[in-house]
Amino acid sequence: MRYKEFTIEGRNSVLEAFRSGKTIDKLFVLDGCQDGPVKSIIREAKKTDTIINFVDKERLDRLAGTGHHQGVVAQAAAYEYAEVEDILKAAKDKGEAPFIFILDEIEDPHNLGAIIRTANQAGAHGVIIPKRRAVGLTATVAKTSAGAINYTPVAKVTNISKTIEDLKKQGMWFVCADMDGTTMYDLNLTGPIGLVIGNEGSGVGRLVKEKCDFVASIPMKGDIDSLNASVAAGVLAYEIVRQRMTK
């Protein structure tokens, strides 16, 4: 299966991508570049949710594949994003209690792709990611998901904490993964639930953790104290699956 390229470089190409309505996650602009075409690109970007970053030439050269970036590089989503409402509707259409993955600043595209794949296999209705400080739906994510990205909706939100608050008002409960939590086998993880997985290095952020109803730990018997983020997501997801099947 082929996945479309997600890096767009060059002024005309980037401007046309915006004008065609393509979803652009991030725009990188050469710091100090303020000529007419670049201003037009920035103006188009500000009409959308695109995150604009002003960077030096060395950073642009690293991002660009051909070196002909003309001071602008865009990172486009390989797939379109869903809305949170779409995820809730998917659960309702199936007559099931919502089961949603919420990812707090996952930065590795391989981890995101693997988590989307797990979410699909575990029967989750969708995945929610933040707009900032996290990887988006890149071609690498799409490839790593092994096709699951075609079936599991992914929504991108401005504020994870507020999204959790909003979903709580609709009856959902939230559990986050943390080594200092209660053993996952001792928690009731049935019903409408959101599984929160944190950043690969720092885990779930403090503000997000405070919004969660439960903090779950995975029993560790080895010599190191943590699991890869996508592995932790899989272990906890299947404890939720087990409890949902036996409730």
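Residues numbered from 1 in each chain as written. Predicted model: local features only at pLDDT ≥ 70, side-chain atom pairs only at ≥ 80, totals over all residues. Heavy atoms only, no water.

Peer 1: If you had to explain a nonpolar patch on the surface to someone new, which residues and values would you point to?
Peer 2: On the surface, a nonpolar cluster with roughly 230 Å² of combined accessible area is contributed by Met220, Leu227 and Val231. Checked against the element boundaries, valine 231 lands in helix H9 (residues 229-246). Look at valine 231 and you get partly exposed, because its relative accessible area is 42%. (Patch = residues over 30% accessible without salt bridge, like charges linked within 9 Å, V, L, I, M, F, W, Y side chains within 5 Å. Areas by Shrake-Rupley, 256 points an atom, 1.4 Å probe, with all protein chains shown as cover. Salt bridge = Lys/Arg side-chain N within 4 Å of Asp/Glu carboxyl O. Helix = DSSP H or I, 4+ residues; strand = E, 2+ residues; numbered from the N terminus. Buried < 20%, exposed > 50% of the residue type's maximum accessible area, 1.4 Å probe, protein only.)

Peer 1: I'd like a rundown of H9, residues and numbers included.
Peer 2: For H9, which comprises 18 residues, the first-to-last C-alpha distance of 26 Å matches the rise-based estimate of 26 Å (1.5 Å per residue) to within 8%. Packed against the buried residues of H9 are strand S5 (99-103), helix H5 (109-121), strand S8 (173-183), strand S9 (193-197) and strand S10 (214-217). (Expected span 1.5 Å × (residues − 1). Contact = heavy atoms within 4.5 Å.)

Peer 1: Residue-level account of the sheet that holds strand S1 (residues 7-9), with values.
Peer 2: Taken together, the 4 strands give an open sheet; going across it, the order is S1-S4-S2-S3, and neighbouring strands pair in mixed fashion. Among the strands making up the open sheet, the edge pair consists of S1 and strand S3 (51-55). Going from strand to strand, the sheet's axes swing by 20° on average, the running direction of each strand aside. With 3 bridges joining them, S1 and strand S4 (residues 72-76) adopt antiparallel strand pairing. Residue pairing for S4: glutamate 9 is matched across the bridge by valine 73. Across the face of the sheet, helix H1 (residues 11-19) comes into contact with S1, strand S2 (24-30) and S4 while running at roughly 125° to S1. (Pairing = 2+ DSSP bridges. Axes fitted to C-alpha atoms, helices over the stretch in contact; angles between N-to-C directions.)

Peer 1: Break down the pairing of S8 for me, citing the residues and quoting the values.
Peer 2: Remember that side chains alternate between the two faces of the sheet whenever the strand is regular. Bridge count for S8 against S9 is 4 bridges, and the pairing is parallel. Its bridge partner lying in S9, tryptophan 173 is registered against isoleucine 193. Here S8 pairs with S10 via 5 bridges, running parallel. Looking at S10, one finds that threonine 182 is bridged to alanine 216.

Peer 1: Give me the lowdown on the UniProt feature "domain: RNA 2-O ribose methyltransferase substrate binding" (unreviewed entry) in the protein chain, citing residues and values where you can.
Peer 2: As recorded in UniProt, the sites labelled "domain: RNA 2-O ribose methyltransferase substrate binding" (unreviewed entry) are residues 7-82. Along residues 7-82 the backbone is 36% helical and 26% strand, and the end-to-end C-alpha distance reaches 21 Å. (UniProt positions renumbered as here; feature names shortened; annotations may be inferred.)

Peer 1: Which residues make up the packing of H5 against H9, and what values do they have?
Peer 2: Running from N to C, H5 and H9 cross one another at 15°; their axes reach a closest spacing of 9 Å. One way to sum up the angle between H5 and H9 is to call them roughly parallel. Relative to H9, the crossing made by H5 is right-handed. Only Ala229, Ser230, Ala233, Gly234, Ala237 and Tyr238 of H9 make contact with H5, whose side of the interface consists of Asn111, Ala114, Ile115, Thr118 and Gln121. Here the contact of H5 with H9 is composed, by residue class, of 6 nonpolar, 5 polar and no charged. (Parallel < 35°, antiparallel > 145°, perpendicular 65-115°, else oblique. Left-handed = near helix turned anticlockwise from the far one by under 90°. Nonpolar A, V, L, I, M, F, W, Y, C, P; charged D, E, K, R; others polar.)

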